[in-house]
Amino acid sequence: MLPELRHLRYLQAVVEHGNFTRAAEDLHISQPTLSQQIRQLERALGAQLLDRGGRSVRLTDAGRAYLEHAARALRELAAGERAVHDVNDLSRGHLRLAVTPTFTAYLVGPLTAELRRRYPGITVTVRETSQERLESALLADELDLGIAFDAPHSHGITATTLFAETLRLVVGTGAPLALDPTRPIPARTLEHHPLALLTPDFITRTHIDAHFADHRITPRIALEANSIQALIEIVQRTPLATVLPDVITHNHPALIPLELDPPLPTRTAALLTRTGAYRTAATRACTQLTLDLARAIYPPVG
């Protein structure tokens, strides 16, 4: 007997849940039926795929090798289904997009607004996540596009450069540092002036910390937040300064971008895809809109 598609999905569900009962509930079949189907698959392959002896069900070495290929086959089948249902006139479709947090503050709104204006029949799912999880989701075919930073990427990820994002020191209009916004501020000033920064799990914070470490500066960090919107609200209402992409200040007149000396580093924003993945009409349309919007935000020089 050759394995059938349901066998692959059943095996994947058991491994994901680590438990036959929960997997059966998720699949809407009985637990005995699920166990029987997995036994059929093992007999067909002539190998034990699951170790049922522990508190949770785990793959055997043979099961791990088999599931690697089975999962790839399921991803390709899902891509095939999307290709069949793809409509080139963009009257319908579904786009799965993820971004790292800073882009939520200034890129997601204009991008989705333009997508809705041009292609109202497309359903869009937007997820905010870390760059590591974003790339993992792309590789698992859980996303069509990702917007993150250009850095060493996972194998199988293709990056298209969007723009160079500029970080700036940002203060509210009533902050003492805002008295002369045209004059660069010595970075060592931040050893005495209180800062509100993103928490260390943000890649933006990693860039900031690395810059200060390179210049042997120990900033005075008075507050940390895991939300860019929270930082914006805090800085607008307190004397605290923060570090954000300067483009965020364009839509917030109560925020003033300042130049540090030495200046904060730039980093390259990139559009990420899974190498060789099928690109639906919705994905192609969003890719072009993102490239156009990137040029509008940071026009090329020269």
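Residues numbered from 1 in each chain as written. Predicted model: local features only at pLDDT ≥ 70, side-chain atom pairs only at ≥ 80, totals over all residues. Heavy atoms only, no water.

The name given to the chain in an unreviewed UniProt entry is Transcriptional regulator CynR, and the organism recorded there is Nocardia terpenica.

Draft legend 1. Looking closely at the packing of aromatic side chains. With the rule as written, the count across this model stands at three aromatic pairs. Between Phe103 and Phe163 the ring centres are 6.4 Å apart and the planes differ by 75°, which places this aromatic pair in the edge-to-face class. With Phe103 in helix H5 (residues 101-104) and Phe163 in strand E6 (residues 157-172), this residue pair connects regions lying 60 residues apart in the sequence. You'll find Phe103 and Phe163 in the same group, each marked buried. Within the aromatic cluster, the residues linked to one another by ring pairs are Phe103, Tyr106, Phe149 and Phe163. (Phe/Tyr/Trp six-rings, centres within 6.5 Å; stacked < 30°, edge-to-face > 60°. Helix = DSSP H or I, 4+ residues; strand = E, 2+ residues; numbered from the N terminus. Buried < 20%, exposed > 50% of the residue type's maximum accessible area, 1.4 Å probe, protein only.)

Draft legend 2. The arrangement of helix H8 (residues 203-214) in detail. The terminal C-alpha atoms of H8, which comprises twelve residues, lie 17 Å apart, in line with the 16 Å expected from a rise of 1.5 Å per residue. Looking at H8, one finds that the buried residues are Thr204, Arg205, Ile208, His211 and Phe212. For H8, the angular spread of the buried residues around the axis is 125°, confining them to a single face. Counted as exposed and oriented over 90 degrees from the buried face of H8: Ala213 and Asp214. Backbone geometry just after H8 places Arg216 at a positive phi near 55°. (Expected span 1.5 Å × (residues − 1). Arc of directions from axis to C-beta.)

Draft legend 3. Molecular detail of the side chain of Asn19. Among the secondary structure elements, Asn19 is positioned in the loop between helix H1 (5-17) and helix H2 (20-27). Residues contacting Asn19, with those up to four places away along its chain left out, are Val14 and Val57. (Contact = heavy atoms within 4.5 Å.)

Draft legend 4. A look at the nonpolar core. Phe103, Tyr106, Leu111, Ile147 and Phe163 are the most contacted members of the largest nonpolar core, which totals 42 residues. Broken down by secondary-structure element, the contributors of at least two residues to this core are strand E3 (93-99), helix H6 (108-118), strand E5 (145-149), E6, strand E8 (194-198), helix H9 (228-237), strand E13 (266-274) and helix H10 (281-297). It is H10 that contributes the most residues to this core, eight residues altogether. Mapping this core onto the domain boundaries places at least three of its residues in each of domain 2 (91-163 + 268-297) and domain 3 (165-264). Those residues within four positions of Ile147 in sequence are excluded, and the remaining contacts are Leu97, Ala98, Val99, Thr100, Phe103, Leu107, Leu111, Leu134, Leu162, Ala270, Leu271 and Thr290. (Core = buried A, V, L, I, M, F, W, Y, C linked by side-chain atoms within 4.5 Å. Domains from an automatic or database assignment.)

Draft legend 5. Region of interest: the environment of Pro120. In this fold, Pro120 is placed in the loop between H6 and strand E4 (122-128). When its relative accessible area of 52% is taken as the criterion, Pro120 is described as exposed. Sequence-wise, Pro120 and Gln40 are 80 residues apart; in three dimensions their C-alpha atoms are separated by 46 Å.

Draft legend 6. View of the pattern of salt bridges. Evaluation of the coordinates by the stated rule reveals 19 salt bridges. The partner of Glu114 in a salt bridge is Arg118, with the nearest N and O atoms 2.7 Å apart. Taken together, the residues Glu114 and Arg118, both in helix H6 and four residues apart, mark about one turn of the helix. Of the charged contacts, one joins Glu224 and Arg205 as a salt bridge, the two residues approaching to 2.8 Å between their closest N and O atoms. Pair noted here: Glu224 is in strand E9 (residues 220-225) and Arg205 is in helix H8, with a separation of 19 residues, a long-range link. (Salt bridge = Lys/Arg side-chain N within 4 Å of Asp/Glu carboxyl O.)

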